[in-house]
Amino acid sequence: MFAESNMDRFEFQLAMLQKGAEELEKKIANFTTILMQLKTVAITIWVALIGWVFTSKIDALVPLGYVIIFGFWFLEATYWKVQFYYIQRANAVTQFLNNESALDESFNTRSIPEGLVHPLGSLKTIKMPSLWRAICAPSIYIFYTSLFVVNSIVWLITLKTAL
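Residues numbered from 1 in each chain as written. Predicted model: local features only at pLDDT ≥ 70, side-chain atom pairs only at ≥ 80, totals over all residues. Heavy atoms only, no water.

In this section: the overall build of the chain. Per the secondary structure count, the chain includes five helices and zero strands. Reading the chain from its N terminus to its C terminus gives the helix and strand order α-α-α-α-α. Here the chain holds 163 residues, and the buried ones make up 32% of them. At a minimum sequence separation of 6, the contacts of the chain that also span at least 24 residues come to 83%. Here the chain has roughly 10200 Å² of accessible surface; of this, 68% comes from carbon and sulfur atoms. (Helix = DSSP H or I, 4+ residues; strand = E, 2+ residues; numbered from the N terminus. Buried < 20%, exposed > 50% of the residue type's maximum accessible area, 1.4 Å probe, protein only. Contact = heavy atoms within 4.5 Å. Areas by Shrake-Rupley, 256 points an atom, 1.4 Å probe, with all protein chains shown as cover.)

With that settled, consider the packing of helix α2 (residues 64–98) against helix α5 (residues 138–162). Contact pair α2 / α5: the axes reach a minimum separation of 10 Å and the direction vectors enclose 180°. Accordingly, the angle class assigned to the pair α2 and α5 is roughly antiparallel. For the pair α2 and α5, the contacting residues are Gly65, Tyr66, Ile69, Phe70, Phe72, Trp73, Glu76, Ala77 and Trp80 in the first and Ser139, Ile140, Tyr141, Tyr144, Thr145, Leu147, Phe148, Asn151, Ser152 and Trp155 in the second. Class assignment of the residues belonging to the contact of α2 with α5 gives a composition of 13 nonpolar, five polar and one charged. (Axes fitted to C-alpha atoms, helices over the stretch in contact; angles between N-to-C directions. Parallel < 35°, antiparallel > 145°, perpendicular 65-115°, else oblique. Nonpolar A, V, L, I, M, F, W, Y, C, P; charged D, E, K, R; others polar.)

To continue, consider α5. Between its terminal C-alpha atoms α5 stretches 35 Å, which fits the 36 Å expected from 25 residues at 1.5 Å a residue. Residues Ile140, Tyr144, Leu147, Asn151, Ser152, Val154 and Thr158 constitute the buried set of α5. (Expected span 1.5 Å × (residues − 1).)

In this structure the tally under the stated criterion is four salt bridges. One salt bridge in this structure joins Arg110 and Glu11, with 3.1 Å as the shortest N-O distance. One end of the pair, Arg110, is in the loop between α3 (100–109) and α4 (131–135); the other, Glu11, is in helix α1 (residues 2–56), and 99 residues separate them in sequence. Arg110 gets classed as partly exposed once you look at its relative accessible area, which sits at 23%. Classification of Glu11 by relative accessible area gives partly exposed; the value is 39%. Residue Lys19 is joined to Glu23 by a salt bridge in which the shortest nitrogen-to-oxygen separation is 3.3 Å. You can see Lys19 and its partner Glu23 sitting in helix α1, four residues apart, about one turn around the helix. (Salt bridge = Lys/Arg side-chain N within 4 Å of Asp/Glu carboxyl O.)

With that out of the way, let us pick up the packing of aromatic side chains. Here the structure, examined in full by the defined rule, presents eleven aromatic pairs. Here the aromatic rings of Tyr66 and Phe148 are separated by 5.1 Å at their centres, their planes lie at 55°, and the arrangement is tilted. In this pair, Tyr66 is assigned in helix α2 and Phe148 in helix α5, connecting sequence segments 82 residues apart. A residue is classified by how much of its surface remains accessible, and Tyr66, at 13% relative accessible area, is buried. Measuring from ring centre to ring centre gives 5.9 Å for Phe70 and Trp73, while their planes differ by 5°; the resulting arrangement is stacked. Residue Phe70 and its partner Trp73 are both found in helix α2; the two are separated by three residues, about one turn of the helix. By relative accessible area, which is 10% here, Trp73 ends up buried. Feature note: the residues Tyr66, Phe70, Trp73, Tyr141, Phe143, Tyr144, Phe148 and Trp155 constitute an aromatic cluster, connected by ring pairs. (Phe/Tyr/Trp six-rings, centres within 6.5 Å; stacked < 30°, edge-to-face > 60°.)

Shown next as structure tokens:
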């Protein structure tokens, strides 16, 4: 009787592990979409601002570009932190599933390691990355630094033409 209920628990854990892995994939894909949308919105708003500057000849509005850049840079870094956490969780599941001895042990003991079953739980070894790490992530840093440089060039051009 005990072995049967233990087997049911293990089967439940296996099902939850599978469901958790599927949820992780969905969450990572959703965050990828959100990150691309943030970049699109940031560039759209920035281009609209610069277009407004050139059509209205109000050069003093160019520094607002920095507000747009830094605001979206921070926002995207915040979302990236959460996505990176989920990527780490998916990596932990993948490492477990690819570790033959851990998998054999799990099937022999009919138990999944604590914290691995569902993505909403937490593994003690996985921590949310720092905001600084997110800000400096190449997928974020390169885009916003480039936008910052272009905004600075536009500002210098508008200052030169104003003199």
